[in-house]
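Descriptive structure summary
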Amino acid sequence: MIIGAGSFYTSVIATLIVPRIAEAIVSARGLKIFVCNLMTEPGETDRFGVAEHLEALRAHGLPLKPSIM
């Protein structure tokens with residue numbers, strides 16, 4: 001399952017707040033990949049790095065763990 005890229009709050013997070021979506025992602029079997037944006041969005045993700053993106057995902061129900069491939 002691939003999550004992202006796109007406008008972080010209006011695309012990615014907006015999807016997660018739909019009832020049961022985050023739970024369905026967490027319970028799904030298989031590899032889950034978050035594609036993090038390289039650029040920030042003014043007024044939305046100013047000064048966000050990968051850690052801040054992952055923390056926002058965790059705050060919205062996705063306990064993702066970083067890994068380097």
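All figures in this text were calculated on a predicted structure; none of them were measured in a lab. (Residues numbered from 1 in each chain as written. Predicted model: local features only at pLDDT ≥ 70, side-chain atom pairs only at ≥ 80, totals over all residues. Heavy atoms only, no water.)

1. Here we look at the packing of aromatic side chains
Per the counting criterion, the structure on display carries 4 aromatic pairs. Arranged with centres 5.1 Å apart and planes meeting at 85°, the rings of Phe8 and Tyr9 form a pair that is edge-to-face. Look at Tyr9 and Phe48: their rings are 6.3 Å apart centre to centre, the planes differ by 70°, and that puts the pair in the edge-to-face class. Placement of Tyr9 in helix H1 (residues 8–16) and of Phe48 in the loop between strand E2 (33–35) and helix H3 (50–59) is noted, with a sequence separation of 39 residues between them. The exposure class assigned to Phe48 is partly exposed, which follows from its relative accessible area of 23%. (Phe/Tyr/Trp six-rings, centres within 6.5 Å; stacked < 30°, edge-to-face > 60°. Helix = DSSP H or I, 4+ residues; strand = E, 2+ residues; numbered from the N terminus. Buried < 20%, exposed > 50% of the residue type's maximum accessible area, 1.4 Å probe, protein only.)

2. Focus: the pattern of salt bridges
What the rule picks out here adds up to 1 salt bridge. Glu55 is paired through a salt bridge with Arg58; the nearest N and O atoms lie 3.3 Å apart. With Glu55 and Arg58 both in helix H3 and 3 residues apart, the pair spans about one turn of that helix. Classification of Arg58 by relative accessible area gives partly exposed; the value is 34%. (Salt bridge = Lys/Arg side-chain N within 4 Å of Asp/Glu carboxyl O.)

3. Topic: the confidence of the model for the chain
Taken as a whole, the chain shows an average pLDDT of 88; of its residues, 93% reach a score of 70 or greater. Element-level pLDDT for the chain is lowest in strand E1 (residues 2–4), with a mean of 88, against a maximum mean of 92 in helix H2 (residues 21–27). (pLDDT = per-residue confidence, 0-100.)

4. Considering a nonpolar patch on the surface
A contiguous nonpolar patch, built from Ile2, Leu31, Ile33 and Val35 and spanning about 360 Å² of accessible area, is present on the exposed surface. Examined against the element boundaries, Ile33 turns out to sit in strand E2. (Patch = residues over 30% accessible without salt bridge, like charges linked within 9 Å, V, L, I, M, F, W, Y side chains within 5 Å. Areas by Shrake-Rupley, 256 points an atom, 1.4 Å probe, with all protein chains shown as cover.)

5. Focus: unusual backbone geometry
Negative phi characterises most residues that are not glycine, and trans characterises most peptide bonds. In this structure, Arg20 takes a positive phi of about 75° despite not being glycine. Since its relative accessible area comes to 66%, Arg20 is described here as exposed. With a phi close to 65°, Arg47 is a non-glycine residue in the positive phi region. One can find Arg47 in the loop between E2 and H3.

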